[in-house]
Every structure is written in C-alpha cells, then in structure tokens.
Amino acid sequence: MPLARAAPDGAELFSQKCAMCHDLSKKKMGPAVKNMTVDTKTLRAIISNGRKMMPPYASMLDAEQIDALVAYIKAQQ
Ligand code: HEC
C-alpha cells in the first residue's frame, strides 16, 4: 500500500511559488489574485504554460499541486 501523502496546500504553494509576483489584492509584477478573471480551465493552463513574463510551472508542479493552487485562487476571489 502506498504511503499516505498529505494533500498539497494551495496557500503554502502560493506563498512559495507565486507571491513574489502576485499579491492577493494589489498589483505587483503580475495582477492581483482578486483581479484574475479567467475561468478554472484557463487558470490551470496559465499556471502550466506561463504567459509572457510569467514562467511555466508544468515541470515544477504536479496536477494535484496545480489543482490546489487553482482552488486557493478561486477561494480568494
Ligand atoms: C516572475 C513573476 C511571476 C511569478 C513567479 C508568477 N506569475 Fe503569474 N503572472 C505574472 C505576470 C507578469 C502575469 C501577466 C501576464 C500577461 O501579461 O499576460 C501573470 C499572470 C498570471 C495569471 C493570469 C491572470 C489573468 O487574469 O489574466 C494567473 C492566473 C497567474 N499569473 C497565476 C500565477 C500562479 C498561480 C503562480 C504561482 C504558481 C504565478 N502566477 C507565478 C508573473 C508571475
């Protein structure tokens, strides 16, 4: 039986990987989380593939971690 693994924590991932460019409520290098208007599918795509100045995370985060980030972002809006 595989060892139980804790579900990834979206808030923790956000503060480690995203907060240097994204504040929850103010514009930094990237837009504020509360001003992100894209739908869930687009969120996943932007996190995976990046956009313009934003780096892609597909090789650094697994699907569960990306889902946790998407859920965290949606919960802040
Ligand atoms: C190096 C800085 C940087 C980092 C790190 C970064 N981003 Fe971004 N992000 C940006 C920039 C700049 C844009 C605007 C891109 C554009 O002009 O289209 C952006 C755009 C976005 C958008 C699109 C918002 C919209 O409404 O159009 C989302 C969603 C997003 N980032 C999520 C994240 C998440 C989640 C992380 C962490 C995994 C992250 N970003 C890490 C710089 C960054």
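The structure under discussion appears in the preceding block.
Here's what I pulled together on the structure shown here.

Here is what the cut-offs are and how they apply
Residues numbered from 1 in each chain as written. Predicted model: local features only at pLDDT ≥ 70, side-chain atom pairs only at ≥ 80, totals over all residues. Heavy atoms only, no water. Donors = N, O, S within 2.8 Å, 3.2 Å for Na, K, Ca; no water. Buried < 20%, exposed > 50% of the residue type's maximum accessible area, 1.4 Å probe, protein only. Salt bridge = Lys/Arg side-chain N within 4 Å of Asp/Glu carboxyl O. Helix = DSSP H or I, 4+ residues; strand = E, 2+ residues; numbered from the N terminus. Axes fitted to C-alpha atoms, helices over the stretch in contact; angles between N-to-C directions. Parallel < 35°, antiparallel > 145°, perpendicular 65-115°, else oblique. Contact = heavy atoms within 4.5 Å. Nonpolar A, V, L, I, M, F, W, Y, C, P; charged D, E, K, R; others polar. Near = heavy atom within 4 Å. Polar contact = N/O pair within 3.5 Å; in protein donor to acceptor, adjacent residues only side chain to side chain. Expected span 1.5 Å × (residues − 1).

Our next topic: the coordination of the iron atom of the ligand. Coordination of the iron atom of the ligand by the protein is provided by His22 (NE2) and Met54 (SD), with metal-donor distances spanning 1.9 to 2.1 Å. A relative accessible area of 11% means that histidine 22 is categorised as buried. Owing to a relative accessible area of 24%, methionine 54 belongs among the partly exposed residues under this scheme.

This paragraph deals with the pattern of salt bridges. Enumeration over the complete set of coordinates arrives at one salt bridge. As a salt-bridge pair, arginine 44 and aspartate 67 come within 2.9 Å of each other at their nearest N and O atoms. Of this pair, arginine 44 sits in helix α2 (residues 40–49) while aspartate 67 sits in helix α3 (residues 63–75); the two residues are 23 residues apart in sequence, bridging distant segments of the chain. Judged by relative accessible area, which is 34%, arginine 44 ranks as partly exposed.

Below, the discussion takes up the packing of helix α1 (residues 10–17) against α3. Here α1 crosses α3 at 95°, and the two axes come no closer than 8 Å. The angle between α1 and α3 falls in the class roughly perpendicular. Counted together, Gly10, Ala11, Leu13 and Phe14 of α1 and Gln65, Ala68, Leu69 and Tyr72 of α3 form the full contact between these two elements. A breakdown of the residues in the contact of α1 with α3 according to their chemical character gives six nonpolar, two polar and no charged.

Attention now moves to the site of the ligand. Close contacts around the ligand come from 22 residues, with Cys18, Cys21, His22, Arg51 and Met54 the closest. At a separation of 2.8 Å, a nitrogen atom of the ligand approaches a polar side-chain atom of histidine 22. Measuring from an oxygen atom of the ligand, one finds a backbone N or O atom of threonine 37 at 3.4 Å. Of all the secondary structure elements, the ones that give two or more residues to the shell around the ligand are α2 and α3. The leading source of residues in the shell around the ligand is α2, at three residues. By residue class, the composition of the shell around the ligand is 16 nonpolar, three polar and three charged.

The end-to-end C-alpha distance of α3 is 18 Å, a good match for the 18 Å that 13 residues give at a rise of 1.5 Å each. Listed in full, the buried residues belonging to α3 are Ile66, Ala68, Leu69, Val70, Tyr72 and Ile73. The elements touched by buried residues of α3 are α1 and α2. At the N-terminal boundary of α3, the capping side chain belongs to aspartate 62, with an oxygen 3.2 Å from the backbone nitrogen of glutamate 64.

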